[in-house]
Amino acid sequence: MNSARSWLVWGVGAIAYMMAILHRSSLGVAGPAAAERFEVAATLLATLGAVQVGVYAAMQVPVGVLLDRFGPRVLIASGAAIMVGGQAMVALAEDLPLAIAGRVLLGIGDAATFISVIRLQSGWFRGPIVAQMSQWTATTGQVGQLMSAIPFVWLLNEIGWRLSFVTLAVAGAVILVLVLLVVFDAPRGGAPATGSIDVPEGWWPRLQAAFRQPGTRLGFWTHFSLLASTNVFLLLWGFPMLVDGLGYSQPDAARLMTVVVVTGMVVGPIVGIATARFPLRRSTLVLCIVGIVALTWAVVLVWPGHPPTWLVVVLVVVLGIAGPGSTVGFDFARTFNPLRVLGSANGVVNIGGFLASFAIMPAVGIILDVVHSVRTAAGEQVGLYDWDAFRIALSSQFVVLALGFAMVVRMRRITRSRLREEGIEVAPVWQAIARRMRRRGH
């Protein structure tokens, strides 16, 4: 365990996740090109982006069940193959229906990847490092986001839609071959193959057992609270907001989106170490990050006129912190569920952020269209992606942030009650600080 081969197997799995993120985020930076290619308004463009996220969310429970049955190797390889086909369809699409069909396949393949790599870690690693591995996996995935913001944008501008998306499909095929050659569920003599674990009660009771764990539901609401804003920004509306709403050039907008990714890559390992070192303070960390995200968006959206560049930089940094914060949800699932149901538990957690993203993405597009129609009818000459319209549309995410914050508080209370029943006392933060100061003689 924790051998060089463990790192090799995990590394290839993480690269497969990196490729899945590149597939997923390719439309976000290609939003203006997609609107021009398919001649669609904001609502339909939001549909193109949201359909993959919706499929991703809907597939999490089935994928989790299949993961507990067939193991991560089969799921990662199958996901990679499906995404290759989906990206090829997007590349060849001349009209919206074929592009939507391709994004549906991308959503299915993408859904099978992250929780499978998370499950793979538990088969190859042991000890405290497991608590940090999810953040390292997420950090590797951010490299895929980085690749979409810089080299893919350049490729799209240089060689056009078809060849750039075909390039992604070919790269995905190469990753598929690597997965088939290197990735296995567990070392010989290590954790038993997932399919051989005897669970006589069947998949539905196993899924119910995972969902009944309050830690699983705490993970769900953690993911729900923190992933949506970052997803909506990176996957669809961030680029149009920066370019058309705030007037940044495309290269400058790409750099700002890169700040989100780089921040996540830096903060992710720090969050991983913090959750491993202070496992009983994870929910406090989550609530703090949710509050910071809500406050930052509020300041940006109410700022008179266009917000200054320094404030936009603060926003993208905060969104970069929110991504690793959402990954804490999987650590809740890991510590409150046995290995045999971990795939199902991770599937439940992963639904959270993408369900919230699926709700916000089309809402922003619909509101943008409505505001544009109303202002045009009133005689104003404004563009579809006017900043004042974005102010109104992006305010819709406060509903998700408020609901998520409230539910994290509620599930934390229930989870701590369960821990107390098991003899584990969790004191409030202020009491813990006071106790430490007394011990040090203050």
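Everything that follows concerns the structure shown earlier in this document.
What you are looking at is a predicted structure, and each value in this text was computed from that prediction instead of being measured.

Draft legend 1. Region of the structure containing the packing of helix α6 (residues 114-124) against helix α7 (residues 129-182). It is the contact of α6 with α7, at a shortest axis distance of 10 Å, that shows an interaxial angle of 140°. Judged by the inter-axis angle, α6 sits oblique to α7. Like other packed secondary-structure pairs, α6 and α7 cross with a definite hand, here right-handed. Together, F114, V117, I118 and Q121 of α6 and M133, S134, T137 and A138 of α7 make up the contact between the two elements. Residues that form the contact of α6 with α7 fall into these classes: 5 nonpolar, 3 polar and no charged.

Draft legend 2. View of the packing of aromatic side chains. As enumerated under the stated definition, the model contains 12 aromatic pairs in all. Between F220 and F224, the ring centres sit 6.3 Å apart and the planes meet at 25°, which makes this aromatic pair stacked. Pair noted here: F220 and F224 are both in helix α9 (residues 214-245), with a separation of 4 residues, about one helical turn. Considering the side-chain rings of W237 and F390, the 6.4 Å spacing of their centres and the 70° angle between planes classify their relative orientation as edge-to-face. Here F390 lies in helix α14 (residues 387-394) and W237 lies in helix α9, a separation of 153 residues in the sequence. Residue W237 is classed as buried on the basis of its relative accessible area of 1%.

Draft legend 3. Region of interest: the environment of W7. Checked against the element boundaries, W7 lands in helix α1 (residues 4-29). In this structure the C-alpha to C-alpha distance between W7 and W124, which are 117 residues apart in sequence, comes to 8.3 Å.

Criteria and thresholds
- Residues numbered from 1 in each chain as written.
- Predicted model: local features only at pLDDT ≥ 70, side-chain atom pairs only at ≥ 80, totals over all residues.
- Heavy atoms only, no water.
- Axes fitted to C-alpha atoms, helices over the stretch in contact; angles between N-to-C directions.
- Helix = DSSP H or I, 4+ residues; strand = E, 2+ residues; numbered from the N terminus.
- Parallel < 35°, antiparallel > 145°, perpendicular 65-115°, else oblique.
- Left-handed = near helix turned anticlockwise from the far one by under 90°.
- Contact = heavy atoms within 4.5 Å.
- Nonpolar A, V, L, I, M, F, W, Y, C, P; charged D, E, K, R; others polar.
- Phe/Tyr/Trp six-rings, centres within 6.5 Å; stacked < 30°, edge-to-face > 60°.
- Buried < 20%, exposed > 50% of the residue type's maximum accessible area, 1.4 Å probe, protein only.

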